[in-house]
Amino acid sequence: MAMDDPRVVVVGAGPAGVRAAEALVKHGLRPLVIDEAPLSGGQIYRRPPPGFRRTTKELYGFEAAKAEAIHRTFDGLTDVIDYRPRTLAWNVQDRVLYTACDDVVTPVSFDALLLATGATDRVLPFPGWTLPGVYTLGGSQVALKHQGCAVGRRMVFLGSTPLLYLVAYQYARAGAEVAAVLDTAPFSAKVRAVPKLLSNTSMFVKGLYTMAALHRLGVAIEHGVRPVAVEGDDAVAGLRYRRRGEGEVRIDCDAVAFGFGLRPESQLADLADCDFRFDPVFHQWLPQCADDGRAGEGIYLAGDGARIGGADAAEVSGELAALSLIEDLGGGPGDKARSVELSRRLSSLVRFQAGLAGAFPWPADMARSLPDNAIVCRCERVTAGEVRQAVQRPLGGGCEINRAKAFSRIGMGRCQGRFCGLSSAEISAAAQDRDISSVGRLRGAGPVKPIKLATVLDE
Amino acid sequence: METIGTDVVIVGGGLMGCSAALDLSRKGRSVVVLERGFVGAQASGVNFGLLRRQDRFLPQLPLANRAVEIWHRLENVVGEDCEVEIRGHLRFALDDEDMAVIEDYAAGAREYDFEIEILGGETLRRRWPWLSDRVVGAGWSPDDGVANPRLVTPAYARAARAAGADIREEHEAVEMTHDGGGFRIVTQNGLEVRASIMLNTAGAWSYHVSANFGEPVPLTAIGPPEAVTEPVPYFIEPTIQRVGSPVVVRQVQRGNVIIAGKPRGIADNVTNRAYVAPRSTLANMRKALEVVPSLGSLNLIRVWSGIEAALPDNLPVLGPSLTTPGLFHAFGFSGHGFQIGPAVGVVLSELAIDGRTETPIEPFTMGRFADYEGEGSDA
């Protein structure tokens, strides 16, 4: 169906959203770009507020040139797109996207919606993770990148993700003391993943460089550890952890940054009725879309919001999804040659990510062995024991995760399960000795993030 | 194929079905409950939790009064704490016209032994200073309140099971027949149940049961729009609702303020999903602020819905089938079934055992739809 003046909306102005907008403009469209942040760039290429003077090299390291290119591209588009920064896209229904800015809701009708909503840290709780001074890796990186401040003076980095080494390195470079980098994955997992990782030599080399640089700086790196507890009364004072096959060790620190990979911000895709499947490689529920970004009639997904691929894959998938969108709108065949080239690059990048997922596995055993008194859902202060009790109760719905939510309140708070959903599912499944993929996922509902009660509708 | 013979088979494990199962079991009858999903997961579990009698269809008050008596001792009935809070319901007026409606209703309710206290604006603000200045008066029913709907039906189901009921979740009735000897029900997973009495308490799926026995009804699936704020210190004790407005507000003791209203959203009883229309959310937020202006700075953090069933006259069907002896219906509660639920269960139990009940249920007869020939609706 050819349309004279199609209404095309892009949500997100990170690498995927920017490249999508660029491609749409190139094909004669004027998309509306909606972004929560005050400035474009997304999380990875987040820009500092006006007046901050760190150079792009200091801010983005190896990726400075890419960051500059994304920023330059978007800045060059502002006259030929409609751009609404500081705007939350909080619901989608019947081909209308509901946006909120400064407590005013504006419904936006669309013919095509391209969701490039990015990702957040994938969280796995451990005792003490809610103490002030414990941050996610992504959060601690944003503090450094955006505000130029460190979340601690003497820090421990913990988890299973490439970001673990990168953020530790960035903090060390910025002058923080890195007391330890604790990788929950065994070193053998990395060795096994090497063949897949070699599909992207430059990324692989950067990873090795980061690890070597931490070594040179004298940072202790340990593999195969398990956190026992963060210590401290009202702030972080130290971390206890267990080495493989050995006893407990305690390390002094005033901040812990942790993370276990990324999870897509897929709530809008859910509300737009996209299908979801449990992906065993990435060990989470992912919205289903074709490699070219098509995810339903008039719905396109790109970047980490669709599947975790990293910034380079986000750029490629953003442009690719835009080309699919253009073709579907009937504006001609799009650019077939370009689409084929982009698809080829994307599949190589995705292969690399699958390798990373193997090198940095999700330690499901941590959720299973989490003590009963540890908090899982911090919004509602629900403990692991309460989740287990809820799913083991007769006529409690087994471990179907929405039933577990109904009875234990997990995922009912401000974050709506974006952070506790996966670990609650893991705990529920383990409590009934079932596979996590069989317990389902929390159903999405709008608003996907809080909106003020005094919000007014503007039409 | 597993075959069970039982006195009563109940199709639908919501509040009506599970409370009937408990009463029947305690009276020594054998009971099988067939629930296609999980007990209390739809209308019974996702509603606002309102135990309100004001503004209820007057001839329904005997049933509602009977339910009040059960709610007040629910913990003893089911053996679990279901967060029943009897803190009163305030139906308020913004003008004299509203006030006249409240007074009229109070006069009618008195005929049914339901006493509503009329409070003036001054009294209201002295007692509940957070109420908007615009409120001129209210009807006050202190014996009404709230309960946690997510907890109530599973608690009934567990109590019924403890009393001997055979409760089967994920058992959808796919074949239903009646011959001289009684009912034969077969589930999708191959369970066969034979019973002399059958109760249809299948909520939004009741149409399939009634139509199967030659009683089609114009039943539609609806989704109540419910929304909740972040928690703040507890200050709203009663449930509050303006005359003529569908918006009702309450606060749970842990702090969240819950707002419900209309219009009801899209509910799909095939895919089992119910959506809250964003415009409903916004409209209900605005209405809530008219009543309690200080809520404006709170964040709305979550909405939910579920699948309820409504009939065109907004009244349920409760009573015997007009085509099939031994079959009794209870469905189509049209968004106000929770409060009367426990009494409906007892009434169904009485009907199943004695074929009659002391509680007047004539207005809810299936006969209202005797001429109906159309289809019920899936979504």
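Residues numbered from 1 in each chain as written. Chains lettered and ligands numbered in written order. Predicted model: local features only at pLDDT ≥ 70, side-chain atom pairs only at ≥ 80, totals over all residues.

Details of the confidence of the model for chain B
Next up, step 1: Looking at chain B, the pLDDT average stands at 95 and 99% of residues meet or exceed 70.
Next up, step 2: If you check the scores for this complex, the pTM reads 0.94 and the ipTM reads 0.92. (pLDDT = per-residue confidence, 0-100.)

Remarks on the interface of chain B and chain A
Next up, step 1: Taken residue by residue, the interface counts 29 residues in chain B and 25 residues in chain A.
Next up, step 2: Elements with a minimum of two residues in the side of chain B that touches chain A: helix H7 (149–162), helix H9 (278–291) and strand S19 (299–304) of chain B.
Next up, step 3: Per-element accounting of the side of chain B that touches chain A gives the leading share, six residues, to S19 of chain B.
Next up, step 4: Each residue belonging to the side of chain B that touches chain A can be placed in one class, and the counts come to 18 nonpolar, five polar and six charged. (Contact = placed C-beta atoms within 7 Å. Helix = DSSP H or I, 4+ residues; strand = E, 2+ residues; numbered from the N terminus. Nonpolar A, V, L, I, M, F, W, Y, C, P; charged D, E, K, R; others polar.)

Points about the pairing of strand S4 (residues 89–93) of chain B
As a general feature of sheets, a regular strand has side chains that alternate between the two faces.
Residue and element names in this part refer to chain B.
Next up, step 1: Burial analysis of S4 places five of its five residues in the buried class, which makes it a mostly covered element.
Next up, step 2: Residue alternation in S4 divides its side chains into two sets, His89, Arg91 and Ala93 and Leu90 and Phe92, and both sets are buried.
Next up, step 3: Note: S4 against strand S14 (residues 239–242), four bridges, orientation parallel. Bridging from a neighbouring strand, histidine 89 pairs with threonine 239 of S14. (Buried ≥ 20, exposed ≤ 12 C-beta atoms within 10 Å, placed from the backbone. Pairing = 2+ DSSP bridges.)

Re the sheet that holds strand S3 (residues 82–84) of chain A
All names here are of chain A.
Next up, step 1: Taking strand neighbours across the sheet as the criterion, the six strands line up as S3-S2-S1-S7-S21-S20 in an open arrangement whose pairing is mixed. Unpaired on one side and paired on the other, S3 and strand S20 (294–296) mark the two borders of the sheet. Across the sheet, the mean angle from the axis of one strand to that of its neighbour is 20°, orientation sign disregarded.
Next up, step 2: The sheet contact formed by strand S2 (residues 32–34) and S3 spans three bridges and is parallel. Within S3, the position partnered with isoleucine 34 by the bridge is arginine 84. (Axes fitted to C-alpha atoms, helices over the stretch in contact; angles between N-to-C directions.)

Some thoughts on the domain arrangement of chain B
Residue and element names in this part refer to chain B.
Next up, step 1: Taken domain by domain, chain B consists of domain 1 (2–47 + 150–219 + 312–369), domain 2 (89–142) and domain 3 (224–305).
Next up, step 2: Between the C-alpha centres of domain 2 and domain 3 there is a distance of 21 Å.
Next up, step 3: At the junction of the two partners, domain 2 supplies twelve residues and domain 3 supplies 13 residues.
Next up, step 4: Where the side of domain 2 that touches domain 3 is concerned, the elements lending two or more residues are S4 and helix H5 (96–110).
Next up, step 5: Per-element tally for the side of domain 2 that touches domain 3: the top contributor is S4, with five residues.
Next up, step 6: Taken together, the residues of the side of domain 2 that touches domain 3 sort by class into eight nonpolar, two polar and two charged. (Domains from an automatic or database assignment.)

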